[in-house]
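Working through the structure, step by step
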Amino acid sequence: MRKQHFLVTGGAGFIGSHLVDALLEAGHSVTVLDDLSVGKEQNFAHHRTHPDFHFVKGSVLDKPLVERLIAPVDGVYHLAAVVGVKYVVEDPLHGMQVNVRGTETILETALERRCKVVIASSSETYGKSTQVPFAEENNTVLGATSIPRWSYAVAKLLDEHLACAYYRQKGLPTVCVRYFNAYGPRLDPRGYGSVIARFISQALDGNPLTVYGDGQQTRSFTFVGDAVYGTIAAMETPESAGLTFNIGNPREITMDQLARTIQEAVGTAGAILHIPYTEAYGANFEDSRRRLPDIQRSKAVLGFEATTSLEDGLHQTILWFKEHRHEFI
Ligand code: UDP
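Residues numbered from 1 in each chain as written. Predicted model: local features only at pLDDT ≥ 70, side-chain atom pairs only at ≥ 80, totals over all residues. Heavy atoms only, no water.

A few words now on the site of the ligand. As a structural note, the neighbourhood of the ligand is formed by 19 residues, with Arg198, Thr210, Arg219, Asp287 and Arg291 the closest of them. Arg219 places a side-chain nitrogen or oxygen 2.5 Å from an oxygen atom of the ligand. Counting only elements with at least two residues in the shell around the ligand, the list comes to α6 (195-204), β8 (209-212) and α9 (277-281). Of the residues assigned to the shell around the ligand, the class counts are eight nonpolar, five polar and six charged. (Near = heavy atom within 4 Å. Polar contact = N/O pair within 3.5 Å; in protein donor to acceptor, adjacent residues only side chain to side chain. Helix = DSSP H or I, 4+ residues; strand = E, 2+ residues; numbered from the N terminus. Nonpolar A, V, L, I, M, F, W, Y, C, P; charged D, E, K, R; others polar.)

Following this line, the structure appears as structure tokens:
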């Protein structure tokens, strides 16, 4: 393996910090750019003295800084973004500004250096589509602009369009990866609004689990180690350029089933409360009813397949929460 130097934006965040672990483990050199708005120093504290690890606190919107950081690298993993339904619903303007301008800044700058860029996108982009399983060439179905939730998917789709245009019109190698509900150790129980983080915290505290809506909506949860594997494969596979890939585990589960599975794994048997969406997210909210990835393209081009079962992944995540959740109180 040739030692390479990568810039990881959002490298102090949940997926980003696991990606940094894997890149350093593989013998590469890593520079992290993160504004620590959601990411945390604890997520990379164990690399502080690593000679190949560099951390820069700053924003992807700071063009001179991005130019300076991209100049020496071989590739960019762009994961810095405002994520989480809760944040997006509360402040859609900030979400769109960071998620679109940040990606534009990265692509503009990477073009000067002509280095490959892997851009983090999301299964949220499939929106309300009922064409299940979701393949990358399927239509996306997003709701009205009066529903703030969809602004995140629109911003991520614009990122993907920008990436495709930079590839087709400028010849810049770009790849987009659509994560399907990644979870695992370091998932912030307060941030992102992730249902797995919330259910585990609630179960460990002996509180009722809060299922929104009728609990029959589904997700396909992907262990963070699998998400990282797919992300690195997207960078390393030359044939990936210009394409978008689903990075997901094709095991579909309803929120009711997830609540029961987590209660069993934690060893509690408390109540499961069904809460109307309006109470959880306010008015003007819509949810994705089903989410299941078609991974044929990822398997064929990247050799990607999720290998961690939901049970194993939850076990590792619960262990981490038991040890670390006091840090968030
Ligand atoms: N959800 C839930 N209880 C919670 C938080 C979320 O039932 O305490 C539901 C949410 O309405 C959605 C699913 O869990 O249907 C996944 O939500 P999350 O915010 O984790 O991610 P999404 O896939 O919606 O981006």
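More follows now that the structure is in view.
This next bit is on helix α5 (residues 150-170). The end-to-end C-alpha separation of α5 is 29 Å, in line with the 30 Å expected for 21 residues at 1.5 Å each. Taken from the residues just after α5, Gly171 is the one with a positive phi, measuring 75 degrees. (Expected span 1.5 Å × (residues − 1).)

So, on to the packing of α6 against helix α11 (residues 310-324). One way to put it is that α6 packs onto α11 with a least axis distance of 10 Å and a crossing angle of 60 degrees. With respect to α11, the axis of α6 lies oblique. The crossing of α6 and α11 is right-handed. In this structure, α6 contributes Ile196, Ala197, Ile200, Ser201 and Leu204 to the contact, and α11 contributes Leu314, Thr317, Ile318, Phe321 and Lys322. (Axes fitted to C-alpha atoms, helices over the stretch in contact; angles between N-to-C directions. Parallel < 35°, antiparallel > 145°, perpendicular 65-115°, else oblique. Left-handed = near helix turned anticlockwise from the far one by under 90°. Contact = heavy atoms within 4.5 Å.)

What follows deals with the packing of aromatic side chains. What the rule picks out here adds up to eleven aromatic pairs. Ring geometry for Phe44 and Phe53: centres 5.4 Å apart, planes at 40 degrees, overall tilted. Phe53 matches Phe44 in its accessibility class, with the two residues each being buried. These aromatic residues form a ring-pair network of at least three members: Tyr212, Tyr277, Tyr281 and Phe285. Here the basic side chain of Arg149 rests over the ring of Trp150, its NZ or CZ set 5.2 Å away from the ring centre. Cation over ring: Arg178 sits above Tyr126, and NZ or CZ is 4.7 Å from the ring centre. (Phe/Tyr/Trp six-rings, centres within 6.5 Å; stacked < 30°, edge-to-face > 60°. Buried < 20%, exposed > 50% of the residue type's maximum accessible area, 1.4 Å probe, protein only. Lys NZ or Arg CZ within 6 Å of the ring centre and 35° of its normal.)

Among the six residues of strand β6 (residues 174-179), six are classified as buried, and the element is accordingly described as predominantly covered. By the alternation rule, side chains of β6 split into Thr174, Cys176 and Arg178 and Val175, Val177 and Tyr179, which are all buried. Pairing geometry for strand β5 (residues 116-122) and β6, over six bridges, is parallel. Bridging across to β6, Ser122 finds its partner in Tyr179. For the segment spanning β5, α5 and β6, crossover handedness is right-handed. Both β6 and strand β11 (residues 244-247) contribute to a ladder of four bridges, which runs parallel. Bridging from a neighbouring strand, Cys176 pairs with Thr244 of β11. (Pairing = 2+ DSSP bridges. Right-handed = clockwise from strand over helix to strand, strands pointing away.)

Our focus in this paragraph is the side chain of Lys116. Mapped onto the elements, Lys116 comes out in strand β5. Polar contacts involving the side chain of Lys116 include one to the main-chain carbonyl oxygen of Met235, which spans 3.0 Å. Engagement of the side chain of Lys116 in a polar contact is seen with the backbone oxygen of Thr237, the distance being 2.9 Å. In this structure Lys116 touches Asp74, Gly75, Val76, Pro173, Val175, Ala234, Met235, Thr237, Pro238 and Ser240, once residues within four positions along its chain are discounted.

Attention now moves to the environment of Ala280. Mapped onto the secondary structure, Ala280 falls in helix α9. In this structure, the C-alpha to C-alpha distance between Ala280 and Tyr212, residues 68 residues apart in sequence, is 7.1 Å.

Turning to the sheet that holds strand β3 (residues 53-57), a few remarks are in order. A sheet is described by the order of its strands in space; here seven strands give the open sequence β3-β2-β1-β4-β5-β6-β11, paired in parallel fashion. One side of each edge strand has no neighbouring strand; the edge strands of this open sheet are β3 and β11. Ignoring which end each strand starts from, the neighbouring axes of this sheet average 20 degrees apart. Where strand β1 (residues 5-9) lies against strand β4 (residues 75-78), four bridges are found, and the strand directions are parallel. Bridge pairing in β4 places Thr9 opposite His78. Sitting on the sheet, helix α2 (residues 63-70) is in contact with β1, β2 (29-34), β3 and β4, with an inclination near 175 degrees to β2. On top of the sheet, helix α4 (residues 92-113) reaches β1, β4, β5 and β6; it is set at about 165 degrees to β5, its chief contact.

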